Amino acid sequence: MGEDDHARAVNTWGSKAIGASRKVDEFRAAGNSADADKFYPLARIAIQRQMPADSTAKAQEPNLAIHGWAGCETPVVPSGYANRS
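Since the model is a prediction, treat every value here as computed from it, not as a measurement.

Draft legend 1. Up close: the overall build of the chain. Secondary structure summary: the chain contains three helices and zero strands in total. In the chain, the succession of helices and strands from N to C terminus is α-α-α. A buried classification covers 27% of the 85 residues belonging to the chain. Pairs at least 24 residues apart make up 66% of the contacts formed inside the chain by residues separated by at least 6 positions. Surface summary for the chain: the accessible area is close to 5,300 Å², and the carbon and sulfur share equals 53%.

Draft legend 2. Representation of the environment of Leu-42 in the model. Structurally, the position occupied by Leu-42 is in helix α2 (residues 33–59). Separated by 22 residues in sequence, Leu-42 and Ala-20 place their C-alpha atoms 6.3 Å apart.

Draft legend 3. The pattern of salt bridges, seen in detail. In this structure the tally under the stated criterion is three salt bridges. Here Asp-37 and Arg-28 are joined by a salt bridge, their closest N and O atoms 3.1 Å apart. With a relative accessible area of 38%, Asp-37 lands in the partly exposed category. In this structure Arg-28 comes out as partly exposed when scored by relative accessible area, which is 36%.

Draft legend 4. A look at the packing of aromatic side chains. Under the counting rule described, the total for this entry stands at one aromatic pair. For the ring pair Phe-27 and Phe-39, a centre distance of 5.5 Å and an interplane angle of 45° mean the geometry is tilted. Here Phe-27, found in helix α1 (residues 3–29), pairs with Phe-39, found in helix α2; they are 12 residues apart in sequence, far enough to count as distant. Judged by relative accessible area, Phe-39 falls into the partly exposed class, the value being 27%. The aromatic ring of Trp-13 is capped on one face by Lys-16, whose charged end is 4.6 Å from the ring centroid.

Draft legend 5. Here's a closer look at the environment of Lys-16. The topology assignment puts Lys-16 in helix α1. Remark: the alpha-carbon pair of Lys-16 and Ala-46, spanning 30 residues in sequence, is separated by 6.1 Å.

Draft legend 6. Just the environment of Thr-12, in detail. Within the secondary structure layout, Thr-12 lies in helix α1. Judged by its relative accessible area of 35%, Thr-12 is partly exposed. For the pair Thr-12 and Arg-49, spaced 37 residues apart in sequence, the C-alpha to C-alpha distance is 9.7 Å.

Rules behind the numbers
- Residues numbered from 1 in each chain as written.
- Predicted model: local features only at pLDDT ≥ 70, side-chain atom pairs only at ≥ 80, totals over all residues.
- Heavy atoms only, no water.
- Helix = DSSP H or I, 4+ residues; strand = E, 2+ residues; numbered from the N terminus.
- Buried < 20%, exposed > 50% of the residue type's maximum accessible area, 1.4 Å probe, protein only.
- Contact = heavy atoms within 4.5 Å.
- Areas by Shrake-Rupley, 256 points an atom, 1.4 Å probe, with all protein chains shown as cover.
- Salt bridge = Lys/Arg side-chain N within 4 Å of Asp/Glu carboxyl O.
- Phe/Tyr/Trp six-rings, centres within 6.5 Å; stacked < 30°, edge-to-face > 60°.
- Lys NZ or Arg CZ within 6 Å of the ring centre and 35° of its normal.

Don't take any of this as a statement about function, it's just geometry.
Right, here's the structure in full:
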């Protein structure tokens, strides 16, 4: 996978994690725990996929800096994630 592909994967999975996490928060705020419970695993999967891409991108940062890429985002953790198993 190329440098741009790793950066794109980090951003793509990060965006998916944020989107799913927001839906979880919206459903929980509305008292709809059934739908929140459906979106929670999606957020978790997106985070799990983002983390390896982020690690790979960070490992390549010295090479990426030479080519002008500024860096990568850190994993996004949805609210309540640490309390779930």
